[in-house]
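Summary of the model geometry
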Amino acid sequence: MTVAYMFDNIIRRTIVATIFLLLSFSVAAQVTITGYVYDENREPIIGAVVSEKNGSATMTDVNGWFKIEVSDKNPLKVDFLGYESLTIYTGEKDMFIDAVLSASEVESAYVDIDLDIYQKAQKGDIVAMCVVGDDYFWGGHNWDGYNSIACDWLLPAAKSGDAFSQFRLYQLFYEGKGVKKDIKVALQWLNKAANQNYTSAIFELGLWYYEEEDGGPKRDYKKAFELFTKAAEQGDLRAWIKKGYCYYHGNGTDKSYANATECWLTAIEYTWQAPKEIWDIISEHADAPLLFRIGENYYKGYTTFKQDFEKMPLFVYPWEKLKIFSKLYLKIKRQKLCFVVQLCHLYY
């Protein structure tokens, strides 16, 4: 056996192995996309073309149904004469698609759902029904007709005691999306979710007692304060802000600027995007320890250095307070000392 023959044999084996691997990868990268295409009246569109870029294509049947194998993450395009085209972005999993083509000024839209979850929901799995309902809920932001479908999926889950579905139904009935607006029914679902300790529902119920809307409970600041406190303790940053307002105005509790500031800073430590009014109040009542705490959060790395500097409000602090704030930054690593210079320029 010559060296040339051995070399040629190695090359041929390498080529065959490479082709096999490429074919295996190609097969593994295929995902199944199935679903329906409707018009705005929820009538199936027959003969709509569903195709992937530089790949396979199919058409919807008499029920508007289609099924197609596509390459991983390769977008689909849905076309039908007289309707706005729709681009569907696929992922790494098999998906169920509910597409609506528009012949009016409203944009075409679609809801994409994990196919496995959708199939479980069809079999009555409560958790899956909740997920599908939520997908349609968010789809309602693009096409209002999805809201009624969301309600159909969420209702059985809510009746079975799922707090998340109960809260979603509250939102739908309160806003009148997919169902007739009904404050009474909305509050019934909200209370059910709050009674199950669902944080967002607790906070939302607190708003009803704090602000008093038509059809809702009478204003009760003490009750609102209790609900905000409960939601805040469960990690709701909005609740910390509203609790701070209760302290600031003395609604439902004793008036306290110190306690109000403490609540607001608890929220601000996680996000600087607080309402401008809060920043104004903090700057008005701020003292040296408060400034030190804000600076300390930067020093400990609780917030991103560059981005948060750009977000920071333009406090108008006396120079002696600024000195305390600046001294802290002298401890920061050399590459961050430029912030002290920027800060001094800002306030000087």
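Refer to the structure above for everything that follows.
Residues numbered from 1 in each chain as written. Predicted model: local features only at pLDDT ≥ 70, side-chain atom pairs only at ≥ 80, totals over all residues. Heavy atoms only, no water.

**Focus on the overall build of the chain**
Short version of the rule: Every helix listed is a DSSP run of H or I at least four residues long, and every strand listed is a run of E at least two residues long, numbered separately from the N terminus. We call a residue buried when its accessible area falls under 20% of the maximum for its residue type, exposed when it is over 50%, and partly exposed in between, using a 1.4 Å probe and counting protein chains only. Contacts: residue pairs with any heavy atoms within 4.5 Å of one another. Here the open area of atoms and residues is found with the Shrake-Rupley method and a 1.4 Å probe, where only the protein chains shown may cover a residue.
Regarding its fold elements, the chain presents 15 helices and 8 strands. The buried share of the chain, taken over its 348 residues, is 43%. Here the contacts in the chain between residues at least 6 apart in sequence split such that 49% fall between residues at least 24 apart. About 19700 Å² of surface is accessible on the chain, with carbon and sulfur atoms providing 54% of the total.

**Brief notes about the environment of Ile 183**
Relative to the helices and strands, Ile 183 resides in helix H6 (residues 183-195). Among the residues examined, Ile 183 registers a relative accessible area of 17% and is labelled buried. Residues Ile 183 and Gly 216, 33 residues apart in the sequence, show an inter-C-alpha distance of 7.3 Å. When near neighbours in sequence (up to four residues on either side) are disregarded, Ile 183 contacts Tyr 174, Trp 208, Asp 214, Gly 215 and Gly 216.

**Here's the deal with helix H4 (residues 145-159)**
As a reminder, the rule being used: How far a helix is expected to stretch is found by multiplying one less than its residue total by 1.5 Å. In this analysis the local bend is the angle between axes fitted, respectively, to the seven residues ending at and the seven residues starting at the residue.
Here H4 is 15 residues long and its end C-alpha atoms lie 22 Å apart, about the 21 Å a rise of 1.5 Å per residue gives. Remark: the principal bend of H4, roughly 30°, maps to Trp 153, with a proline, Pro 156, within the next four residues. The complete set of buried residues in H4 reads Tyr 146, Asn 147, Ile 149, Ala 150, Cys 151, Trp 153, Leu 154, Ala 157 and Ala 158. In the core, the buried residues of H4 are packed alongside strand S7 (95-100), strand S8 (109-114), helix H2 (115-122), helix H3 (126-139), helix H5 (163-175) and H6. With its phi angle positive at about 110°, Gly 161 sits one or two positions after the end of H4.

**Observations regarding the side chain of Asn 251**
Put simply, the rule reads: N or O atoms closer than or at 3.5 Å make up a polar contact, with two conditions inside protein: a donor-capable atom paired with an acceptor-capable one, and, for residues adjacent in sequence, both atoms drawn from side chains.
Relative to the helices and strands, Asn 251 resides in the loop between helix H9 (237-249) and helix H10 (257-268). A distance of 3.1 Å separates a polar atom in the side chain of Asn 251 from a polar atom in the side chain of Tyr 210. Apart from the residues within four sequence positions on either side, Asn 251 is in contact with Tyr 210, Tyr 221, Phe 225 and Cys 246.

**Examining H2**
Counted only if it meets this: What the arc measures is the spread of directions leading from the helix axis to the C-beta atoms.
Buried within H2 are the following residues: Leu 115, Tyr 118 and Ala 121. Along the axis of H2, the buried positions cluster into a sector of 120°, meaning they face one direction only. The inward-facing, buried residues of H2 contact strand S1 (30-38), S7, S8, H3 and H4. Where H2 begins, one side-chain oxygen reaches toward the backbone nitrogen of Asp 116, 2.9 Å away; that side chain belongs to Asp 114. Phi turns positive, to about 95°, at Gly 124, one or two residues after H2.

**As for the sheet that holds strand S6 (residues 86-88)**
Selection rule: Pairing between strands is defined by DSSP: at least two bridges between the two strands are required. Angular values range over 0 to 180 degrees, each being the angle between N-to-C directions of two axes fitted as lines to C-alpha atoms, with helices fitted over their stretch in contact.
Taking strand neighbours across the sheet as the criterion, the 4 strands line up as S3-S2-S5-S6 in an open arrangement whose pairing is antiparallel. The open sheet terminates on both sides in strands that have one partner only, identified here as strand S3 (57-59) and S6. Taking the axes of each pair of neighbouring strands and ignoring which way they run, one obtains an average angle of 20° across the sheet. Bridging between strand S5 (residues 76-79) and S6 involves 3 bridges; their strand directions are antiparallel. Bridging across to S6, Val 78 finds its partner in Leu 86.

**Here's the deal with the packing of H3 against H5**
Quick note on the threshold: Should an angle fall under 35 degrees it is taken as roughly parallel, and over 145 as roughly antiparallel, whereas 65 to 115 is taken as roughly perpendicular and any remaining angle as oblique. Here a crossing is called left-handed whenever its near helix is offset anticlockwise from the far helix by less than a right angle, and right-handed whenever the offset is clockwise.
Their axes nearest at 10 Å, the elements H3 and H5 cross at an angle of 25°. Taken together, the axis directions place H3 and H5 in an arrangement best described as roughly parallel. In this structure, H3 crosses over H5, and the sense of that crossing is left-handed. Contacts from Cys 130, Asp 134, Phe 137 and Trp 138 in H3 reach Phe 164, Ser 165, Arg 168, Gln 171 and Leu 172 in H5.

**Some thoughts on the nonpolar core**
Stated formally: Put simply, a nonpolar core is a bunch of buried Ala, Val, Leu, Ile, Met, Phe, Trp, Tyr and Cys residues held in one set by side-chain atoms that sit within 4.5 Å of each other.
Membership of the largest hydrophobic core comes to 77 residues, with the highest contact counts inside it found for Ile 33, Tyr 136 and Tyr 146. A total of 8 residues in this core trace back to one element, the largest contributor, which is helix H7 (residues 199-211). Residue contacts for Tyr 146: discarding those within four places in its chain leaves Arg 42, Asp 98, Ala 99, Val 100, Ala 109, Tyr 110, Val 111, Tyr 136, Gly 139 and Gly 140.

**Points about the pairing of S8**
Taking burial as the measure, the 6 residues of S8 include 5 buried ones, the bulk of the element. Note that S7 and S8 share 6 bridges and pair antiparallel. Bridged to Val 100 within S8 is Ala 109.

**Topic: the sheet that holds S7**
Judged by pairing direction, the sheet is mixed, and its 4 strands sit side by side in the order S4-S1-S7-S8 without closing on themselves. Every other strand in the sheet has two partners, leaving strand S4 (65-71) and S8 as the edge strands with one partner each. Between one strand axis and the next, the sheet turns by 25° as a mean value, whatever way the strands run. Together, S7 and S8 form the strand contacts of H4, whose direction differs from that of S7 by roughly 140°.

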